Amino acid sequence: GGGFSQLAYDQYEEHYNIDGVLIIAAAGNGGNSGYSYPASYKYVMSVAAVDSNKNKAGFSQFNDQVEIAAPGVSVKSTLPGNAYASWSGTSMATPHVAGVAALVWSHFPDCSNKQIREALIASAEDLGAGGCDNEYGFGLVDAKAAYDYLSNRGCGFSVGETLGGCNQCVECTSAPTSSPTAFPACPGNEKYFKLSLETDNYGGETSWKVTSPTSGDVISGSGYESGTTHTERHCIQSDACTFEISDSYGDGICCSYGEGSYTVWVDDIEKGTGGDFGNTETISLCDASPTSPPTVTPTVSPTVPP
């Protein structure tokens, strides 16, 4: 990718609005929040890269024009001479989205390019922070979910203004259709825990754990790469009430050496967020027990002699 060009912008607008072309491009491999073009033109779908664990690749650009994500780490591809090799990059993620778009469109040829675009983002599997975010856009592209979306809705629906990124389809974030929910139900008395973690320049110093008074450490994580985003999702026991994040150097994950941060949720309720701390920071995952009102002892009236 390169920088912004008004001439290129006008050409993409014409291809999108007049010619009915769905344009999909790589978000960029700088690993920062800069805009790479043509992906960051609003008439283009910007694709982020994720690894096999559905975590954003460290090199993948992140900004408010990122719209969708796809596998882009160690993706096997063909080479001249009947050979194969594994490559990484948002340019490896982009063909996944283009292929899904072509597959879905072949089943619904009466849909417009704008409707196919909405189907892909409305049906994407949510990753990272709940809803659309700068790292993953609307989430991981899902061919079957996009097909189901159009099977249920058809091609007669209208689409909103073209804005790109998370603003491309606001209702897709607030009311996802067939995509998996960010906070599924857990069995029995368990609750759903979600952590979104972005490491600083020294990811190996970061660790975290969730503890319970009855079981000690319930879940934990460590050994992260620097400057990467991670999402943890777990069903945990109901009395797992303490989340603790630690930095072995003692300077937190923001803001001395990078812009790291974290957010934790329990059953779709945000419990805490941060990054600027010392050695450790603790978040309560349980609601405080209600305080019982004080018991009032009735005053006995003095006995008046007859």
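Predicted model only: the values in this text are computed from it and were never measured. (Residues numbered from 1 in each chain as written. Predicted model: local features only at pLDDT ≥ 70, side-chain atom pairs only at ≥ 80, totals over all residues. Heavy atoms only, no water.)

### Observations regarding the sheet that holds strand β1 (residues 23–26)
Then step 1. Ordered by their spatial adjacency, three strands build an open sheet running β1-β2-β3, and the pairing between neighbours is parallel. Two strands close off the open sheet at either side, each with one partner strand: β1 and β3 (66–71). When the angles between neighbouring strand axes are averaged without regard to direction, this sheet yields 40°.
Then step 2. Bridge analysis of strand β2 (residues 44–50) against β3 gives five bridges, and the strand direction is parallel. By the bridge assignment, Val50 is partnered in β3 with Pro71. (Pairing = 2+ DSSP bridges. Helix = DSSP H or I, 4+ residues; strand = E, 2+ residues; numbered from the N terminus. Axes fitted to C-alpha atoms, helices over the stretch in contact; angles between N-to-C directions.)

### Section: the state of the cysteines
Then step 1. Tallying each qualifying case throughout the model produces four disulfides.
Then step 2. Paired through a disulfide, Cys111 and Cys155 show a sulfur-sulfur distance of 1.9 Å. Across the disulfide from Cys111 to Cys155, rotation about the S-S bond amounts to roughly -85°, and the bridge is consequently left-handed. Residue Cys111 is located in the loop between α2 (90–107) and α3 (113–122), and its partner Cys155 is located in the loop between α4 (143–153) and α5 (170–174); the two are separated by 44 residues in the primary sequence.
Then step 3. For Cys155, a relative accessible area of 24% translates into the label partly exposed. (Disulfide = S-S within 2.5 Å. Buried < 20%, exposed > 50% of the residue type's maximum accessible area, 1.4 Å probe, protein only.)

### Comments concerning the nonpolar core
Then step 1. Judged by nonpolar contacts, the single largest core of 31 residues is most densely connected at Ile68, Val97, Ile116, Leu120 and Leu150.
Then step 2. Elements with a contribution of two residues or more to this core: β2, β3, α2, α3 and α4.
Then step 3. Excluding its chain neighbours within four sequence positions, the residues that come into contact with Val97 are Ile24, Val47, Ile68, Ala69, Ala70, Leu120 and Val141.
Then step 4. Core analysis: the next-biggest nonpolar cluster, separate from the first, contains 18 residues, Phe193, Tyr224, Ile253 and Tyr262 among them. (Core = buried A, V, L, I, M, F, W, Y, C linked by side-chain atoms within 4.5 Å. Contact = heavy atoms within 4.5 Å.)

### Concerning the environment of Leu127
Then step 1. Tracing the chain through its elements places Leu127 in the loop between α3 and α4.
Then step 2. Accessibility expressed as a relative area gives 1% for Leu127, which makes it buried.
Then step 3. Spatially, the C-alpha atoms of Leu127 and Ala69 are 9.0 Å apart, while their sequence positions differ by 58 residues.
Then step 4. Residues in contact with Leu127, not counting those within four places in the same chain, are Val50, Lys54, Asp133, Tyr136, Gly139, Leu140 and Arg233.

### Some words on the pattern of salt bridges
Then step 1. Per the stated rule, a full pass over the model turns up six salt bridges.
Then step 2. In this structure, Glu125 and Lys54 form a salt bridge, with 3.0 Å as the shortest nitrogen-oxygen distance. One end of the pair, Glu125, is in the loop between α3 and α4; the other, Lys54, is in the loop between β2 and β3, and 71 residues separate them in sequence.
Then step 3. Among the salt bridges present, the one from Asp287 reaches Lys271, with a minimum N-O distance of 3.0 Å. (Salt bridge = Lys/Arg side-chain N within 4 Å of Asp/Glu carboxyl O.)

### Notes on a nonpolar patch on the surface
Then step 1. Together, Tyr202, Tyr249 and Tyr257 give the surface a local cluster of nonpolar side chains, amounting to about 370 Å² of exposed area.
Then step 2. Here Tyr249 lies in the loop between β10 (242–247) and β11 (261–266). (Patch = residues over 30% accessible without salt bridge, like charges linked within 9 Å, V, L, I, M, F, W, Y side chains within 5 Å. Areas by Shrake-Rupley, 256 points an atom, 1.4 Å probe, with all protein chains shown as cover.)

### Examining empty space enclosed by the protein
Then step 1. On inspection of all chains with the given rule, the structure shows one cavity of 30 Å³ or more.
Then step 2. Of the volumes computed, that of the largest cavity is approximately 40 Å³.
Then step 3. In terms of lining residues, the largest cavity is bounded by Lys114, Arg117, Glu118, Ile121, Val159, Gly160, Gln168 and Cys169.
Then step 4. Looking at side-chain class alone, the lining of the largest cavity contains three nonpolar, two polar and three charged residues. (1 Å grid on protein atoms, 1.4 Å probe; cavity = no way out; pocket = protein on both sides within 12 Å on 5 of 7 lines; lining within 4 Å. Points joined across faces, edges and corners; volume = space filled by probe spheres on them. Nonpolar A, V, L, I, M, F, W, Y, C, P; charged D, E, K, R; others polar.)

### Some details on the side chain of Glu135
Then step 1. Tracing the backbone through its elements, the reader meets Glu135 in the loop between α3 and α4.
Then step 2. Lys56 provides the closest opposite charge to the buried, unpaired Glu135, separated from it by 6.5 Å.
Then step 3. Residues within four places of Glu135 in sequence aside, it is in contact with Ala48, Lys56, Phe62, Val66, Glu198 and Thr229. (Lys, Arg positive; Asp, Glu negative; His and termini not counted.)

### Some words on the confidence of the model for the protein
Residues shown with low pLDDT carry predicted positions that ought not to be read at fine detail.
Then step 1. When the pLDDT values of the protein are averaged, the result is 87; 89% of them are 70 or greater.
Then step 2. Under a pLDDT of 50 for its full length, residues 174–182 has, in the predicted model, 16 contacts with residues more than four places off or in other chains.
Then step 3. Counted against residues more than four places away or in other chains, residues 289–297, with its pLDDT under 50, gives zero contacts. (pLDDT = per-residue confidence, 0-100.)

### Quick notes on the packing of aromatic side chains
Then step 1. Overall, the coordinates contain 15 aromatic pairs when judged by the stated rule.
Then step 2. Judged by centre distance (5.7 Å) and plane angle (50°), the rings of Tyr16 and Tyr43 are tilted. Here Tyr16 is found in helix α1 (residues 6–17), whereas its partner Tyr43 is found in the loop between β1 and β2, with 27 residues between them in sequence.
Then step 3. For Tyr16, a relative accessible area of 1% translates into the label buried.
Then step 4. Using a relative accessible area of 6% as the deciding quantity, one classes Tyr43 as buried.
Then step 5. Geometrically, the ring pair formed by Tyr37 and Tyr41 is tilted, given 4.7 Å between the ring centres and 45° between the ring planes. For the pair Tyr37 and Tyr41, a shared accessibility class is recorded, and that class is buried. (Phe/Tyr/Trp six-rings, centres within 6.5 Å; stacked < 30°, edge-to-face > 60°.)

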